[in-house]
Amino acid sequence: MTDAEPTPYSPPGQRASDATRPTSPAPGDAFDGDPPAEFLSAGQVARLVRLPGEVLVVDGHPRFHLPGCPHLVGREDEPVPVAEAVGLGFTPCAQCAAATTLLAEARPR
């Protein structure tokens, strides 16, 4: 036996490259330092995409945010219509409660 470092187990067969491995977290988990997503029902999503407002997105990050979200500090964000953000696959930030806030503000009073 030698003092060499043990080789980590690798299953037989073709190994997936880093580029083909899934990079998305499980629903509700954080994404590389991003806050977790809010959970929404299908009905809430349907209401959300009909809202006329805009949300803020950061290129390369999966969440949409409201102005003032702490996650946006020091990042270059851009405004996008809510329906477009959802259609592009962005999910609402749980830290600023983007969807919950927008849906609450849209309720008739």
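My aim in this report is to walk through the structure given alongside it, one point at a time. The shown structure was predicted, so the numbers you read here are calculated from the model rather than taken from an experiment.

Brief notes about the nonpolar core
Link 1 in the chain: Counting residues in hydrophobic clusters, the biggest one holds 20 residues, and the most contacted among them are Leu48, Val55, Val57, Phe64, Ala85, Cys96 and Leu102.
Link 2 in the chain: Residue contacts for phenylalanine 64: discarding those within four places in its chain leaves Leu48, Val55, Leu56, Val57, Ala85, Val86, Phe90, Thr91, Pro92, Cys93 and Ala98.

Regarding the sheet that holds strand β3 (residues 77–81)
Link 1 in the chain: The four strands are arranged β3-β1-β2-β4 in an open sheet whose pairing can be described as mixed. A single partner strand is all that each edge strand has here, and the edge strands are β3 and β4 (91–92).
Link 2 in the chain: One ladder, built from five bridges, connects strand β1 (residues 54–58) with β3; its direction is antiparallel. Its bridge partner lying in β3, leucine 56 is registered against proline 79.

Considerations on helix α3 (residues 98–106)
Link 1 in the chain: Within α3, the full set of buried residues consists of Ala98, Ala99, Leu102 and Leu103. End-on, the buried residues of α3 take up no more than an arc of 115°, which puts them together on one face.
Link 2 in the chain: At its buried positions, α3 is contacted by α1 (42–48), β1, β2 (63–65), α2 (82–87) and β4.

Let's talk about a negative patch on the surface
Link 1 in the chain: Together, Asp59, Glu76, Asp77, Glu78 and Glu84 make up a region of like negative charge exposed at the surface.
Link 2 in the chain: Inspection of the secondary structure assignment puts aspartate 77 in strand β3.

A few points about the pairing of β1
Link 1 in the chain: By the criterion of burial, β1 is predominantly enclosed, with four of the five residues buried.
Link 2 in the chain: Across two bridges, β1 lies against β2 in antiparallel orientation. Bridge assignment links valine 57 to a residue of β2, and that residue is phenylalanine 64.
Link 3 in the chain: From the end of β1 to the start of β2, which pair antiparallel, there are four residues, and glycine 60 there has a positive phi angle of about 85°.

Overview of the side chain of aspartate 34
Link 1 in the chain: Its location among the elements puts aspartate 34 in the segment before α1.
Link 2 in the chain: Within the local environment of aspartate 34, its side chain forms a polar contact with the side chain of histidine 61, the two groups lying 2.9 Å apart.
Link 3 in the chain: Of the polar contacts made by the side chain of aspartate 34, one reaches the side chain of histidine 71; its length is 2.8 Å.
Link 4 in the chain: Not counting chain neighbours up to four residues away, the residues in contact with aspartate 34 comprise His61, Pro62, His71 and Arg75.

Reading guide: rules and limits
Residues numbered from 1 in each chain as written. Predicted model: local features only at pLDDT ≥ 70, side-chain atom pairs only at ≥ 80, totals over all residues. Heavy atoms only, no water. Core = buried A, V, L, I, M, F, W, Y, C linked by side-chain atoms within 4.5 Å. Buried < 20%, exposed > 50% of the residue type's maximum accessible area, 1.4 Å probe, protein only. Contact = heavy atoms within 4.5 Å. Pairing = 2+ DSSP bridges. Helix = DSSP H or I, 4+ residues; strand = E, 2+ residues; numbered from the N terminus. Arc of directions from axis to C-beta. Patch = residues over 30% accessible without salt bridge, like charges linked within 9 Å, V, L, I, M, F, W, Y side chains within 5 Å. Areas by Shrake-Rupley, 256 points an atom, 1.4 Å probe, with all protein chains shown as cover. Salt bridge = Lys/Arg side-chain N within 4 Å of Asp/Glu carboxyl O. Lys, Arg positive; Asp, Glu negative; His and termini not counted. Charge placed at Lys NZ, Arg CZ, Asp CG, Glu CD. Polar contact = N/O pair within 3.5 Å; in protein donor to acceptor, adjacent residues only side chain to side chain.

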